[in-house]
Amino acid sequence: MNKKISLAFVSTTILLVITIFIAINTGNIKASPLEIFNLIFNKTSNSTLAILDLRFPRIIIAILVGAALAVSGLLLQTTLKNPLIDPSLVGVSGGANLILYLGLLVSPSAIIYKSFFAIVGGIVGYLLIFAFARNIKNNVSIILIGIAISSFFTGLLTSLSFLENTSKSLARASLGMKSWEDVNLLLIWIPITIVIAILLAKVCNIFFLDDKIIASLGLNINLLRFTISLLAVILASIATSVVGVIAFLSLIAPHIAKIIVGKNHIYCLPFSALVGALIFLGFDTLGRSIFNPIEIPADILMLVVGGPCFLILIKTGGKYE
């Protein structure tokens, strides 16, 4: 690891720590570094219990979800060889949300299985985009197919919600009502999945080669693509099951990582996780503070920023790489 990459990791980690401290102190109740230290080690006071019960879960969720979506986006961009791929644009997140809703609609008591519902939905979304776009080389055409699939899922979900006329809560990107139960769900899946992805970083680098060259090396390209894509689908689906569909984060974070540390997945994968965590926590904290006491959900801010970024990426086609 050269000095530039080391500096990038250290700087981003410091920024993340600073953002965590700002997030902890965004609101009416403030806490000094000493109080936060005491809070972590169970020496709590009544004034800081709200920080432990309300702010810590949403901060941890924002970090885990941001990291998961960033890594998911990078893995899908790698395996599909398309720099414009985002789970929210190609049906993965939409499928996860739809099947999760259907599962809870049929059996509300099955909420303990919601992670599995979401993963099944994400896999359905991915298989559809893979089936329709596998012989298409044009990046924008693949994105248009993905948007059509995602819109179909969203339309179905909206129609079912309207017909059901229920307040059954699907995950939303506002993190204010999240709890330690949501944190525990994410902790079951996301850390181990990201670690597995990082361990497969060298394998991901193989996708820089043409598929025919990979096959000539005696490797099963379809099996590799499916395995790595499955990790991406799991990460995006679990994140969606907790916070809902977050647009553009999975697109933007990997590109920032590639610009700073390069395309080598050995560095780009963990750095994408750091960048994704920083971005999502930053937007959630900004949404809580910019018009306080009114809270703007993080997904809305991501749409405001992500839309123009997406247009820029379509224009450049990832040519910075």
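Residues numbered from 1 in each chain as written. Predicted model: local features only at pLDDT ≥ 70, side-chain atom pairs only at ≥ 80, totals over all residues. Heavy atoms only, no water.

Time to look at the packing of helix H1 (residues 3-24) against helix H12 (residues 265-289). Interaxial distance between H1 and H12 falls to 10 Å at its minimum, and their mutual angle equals 25°. Accordingly, the angle class assigned to the pair H1 and H12 is roughly parallel. Note that H1 runs across H12; the crossing there is left-handed. Across the interface between the two elements, Ile 5, Ala 8, Phe 9, Thr 12, Thr 13, Leu 15, Leu 16, Thr 19, Ile 20, Ile 22 and Ala 23 of H1 pack against Tyr 267, Pro 270, Phe 271, Leu 274, Val 275, Ala 277, Leu 278, Leu 281, Gly 282, Thr 285 and Arg 288 of H12. (Axes fitted to C-alpha atoms, helices over the stretch in contact; angles between N-to-C directions. Helix = DSSP H or I, 4+ residues; strand = E, 2+ residues; numbered from the N terminus. Parallel < 35°, antiparallel > 145°, perpendicular 65-115°, else oblique. Left-handed = near helix turned anticlockwise from the far one by under 90°. Contact = heavy atoms within 4.5 Å.)

Within this structure, the stated rule accounts for 5 salt bridges. Note that Asp 284 and Arg 58 form a salt bridge whose closest N and O atoms lie 2.8 Å from each other. With Asp 284 in helix H12 and Arg 58 in helix H3 (residues 46-79), this pair connects stretches of sequence that are 226 residues apart. Of the charged contacts, one joins Arg 58 and Glu 295 as a salt bridge, the two residues approaching to 3.1 Å between their closest N and O atoms. Here Arg 58 is found in helix H3, whereas its partner Glu 295 is found in the loop between H12 and helix H13 (298-316), with 237 residues between them in sequence. Under the relative-accessibility criterion, Arg 58 is labelled buried at 5%. (Salt bridge = Lys/Arg side-chain N within 4 Å of Asp/Glu carboxyl O. Buried < 20%, exposed > 50% of the residue type's maximum accessible area, 1.4 Å probe, protein only.)

All right, on to H12 then. In this model, H12 (25 residues) spans 35 Å end to end at C-alpha, consistent with the 36 Å of a helix rising 1.5 Å per residue. Among the 25 residues in H12, 20 count as buried, and that is most of the element. Here H12 starts with a cap whose side-chain oxygen sits 3.0 Å from the backbone nitrogen of Ile 266, and that cap is Asn 264. (Expected span 1.5 Å × (residues − 1). Polar contact = N/O pair within 3.5 Å; in protein donor to acceptor, adjacent residues only side chain to side chain.)

Another aspect to go through is empty space enclosed by the protein. Taken as a whole and assessed by the stated rule, the structure comprises 1 cavity of 30 Å³ or more. By volume, the largest cavity amounts to about 40 Å³. As for the largest cavity, its lining consists of Ile 123, Tyr 126, Leu 127, Phe 226, Ser 229, Leu 230 and Val 233. If you list the elements that add at least two residues to the lining of the largest cavity, you get helix H5 (114-133) and helix H10 (221-243). Counting residues per element, the lining of the largest cavity draws most heavily on H10, which supplies 4 residues. Here the residues of the lining of the largest cavity sort into 6 nonpolar, 1 polar and no charged. (1 Å grid on protein atoms, 1.4 Å probe; cavity = no way out; pocket = protein on both sides within 12 Å on 5 of 7 lines; lining within 4 Å. Points joined across faces, edges and corners; volume = space filled by probe spheres on them. Nonpolar A, V, L, I, M, F, W, Y, C, P; charged D, E, K, R; others polar.)

It is worth spelling out the state of the cysteines at this point. Here, disulfide denotes a covalent bond that connects the sulfur atoms of two cysteines. Overall, the coordinates contain 0 disulfides when judged by the stated rule. With no disulfide of its own, Cys 204 lies 10.0 Å from the sulfur of Cys 268, the closest cysteine sulfur. Owing to a relative accessible area of 1%, Cys 204 belongs among the buried residues under this scheme. Residue classification places Cys 268 among the buried residues on the basis of a relative accessible area of 0%. (Disulfide = S-S within 2.5 Å.)

Side chains of Val 10, Ile 14, Leu 15, Ile 18 and Ile 22 sit close together on the surface and give an oily, nonpolar patch of about 440 Å² of accessible area. Within the secondary structure layout, Val 10 lies in helix H1. (Patch = residues over 30% accessible without salt bridge, like charges linked within 9 Å, V, L, I, M, F, W, Y side chains within 5 Å. Areas by Shrake-Rupley, 256 points an atom, 1.4 Å probe, with all protein chains shown as cover.)

With that settled, the discussion passes to H1. Its 22 residues place the ends of H1 32 Å apart at the C-alpha level, agreeing with the 32 Å of an ideal helix rising 1.5 Å per residue. Along H1, the residues that are buried comprise Ile 5, Ala 8, Phe 9, Thr 12, Leu 16, Thr 19, Ala 23 and Ile 24. One face of H1 carries all of its buried residues, which in axial projection span an arc of 135°. Opposite the packed face of H1, turned more than 90 degrees from it, sit the exposed residues Lys 3, Leu 7 and Val 17. (Arc of directions from axis to C-beta.)

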